[in-house]
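Fold and contact review
Listed below, chain by chain, are the residues.
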Amino acid sequence: MRKKLGLQGIAGVLLVVVSVALLTYHDPLVGAAVMILLAGLALIAKGFISSMMGMFGM
């Protein structure tokens with residue numbers, strides 16, 4: 001995982017996880033909504049990257 005993301009990427013993922021955990025601890029409903037939002041953004045990014053890789057023939 002470190003080779004693919006790098007130290008900054010791992011730190012970013014940890015920061016997102018900690019911030020969502022704090023938000024969920026404070027208000028579970030809002031925390032769930034944020035997790036759904038992040039999952040949707042991840043799916044959009046994956047689709048975008050897949051289509052760009054397909055355009056380049058990879």
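Criteria and thresholds
- Per chain, residues are indexed from 1 in the order of the written sequence.
- In keeping with the predicted nature of the model, local features appear solely for residues at pLDDT of at least 70, side-chain atom pairs appear and are counted solely at 80 or more, and the whole-chain, interface and lining totals rest on all residues.
- Heavy atoms from the whole structure form the basis of all side-chain values; hydrogens and water molecules are not counted.
- Comment: elements are numbered from the N terminus, with helices defined as DSSP H or I runs of at least four residues and strands as E runs of at least two.
- Three labels apply to residues, based on accessible area from a 1.4 Å probe with only protein chains included: buried if under 20% of the type maximum, exposed if over 50%, partly exposed otherwise in between.
- Accessibility throughout is a Shrake-Rupley quantity obtained with a 1.4 Å probe, and a residue counts as covered only by protein chains that appear here.
- Take the number of residues in a helix, subtract one, and multiply by 1.5 Å to get its expected span.

**Things to note about the overall build of the protein**
A tally of regular secondary structure across the protein gives two helices and zero strands. Taking the principal axes of its C-alpha atoms as reference, the protein extends roughly 45 × 25 × 10 Å. A buried classification covers 3% of the 58 residues belonging to the protein. Just so you have it, the protein exposes about 5100 Å², and 79% of that area is on carbon and sulfur atoms.

**Topic: the environment of Leu15**
Within the secondary structure, Leu15 sits in helix H1 (residues 2-26). Distance in space between the C-alpha atoms of Leu15 and Gly54 is 31 Å, their sequence separation being 39 residues.

**Quick look at helix H2 (residues 28-55)**
With 28 residues, H2 should cover 40 Å at 1.5 Å per step; its first-to-last C-alpha distance of 41 Å lies within 8% of that length. Just downstream of H2 lies Gly57, where phi reads positive at about 75°.

Distances and angles like these do not, on their own, reveal function.
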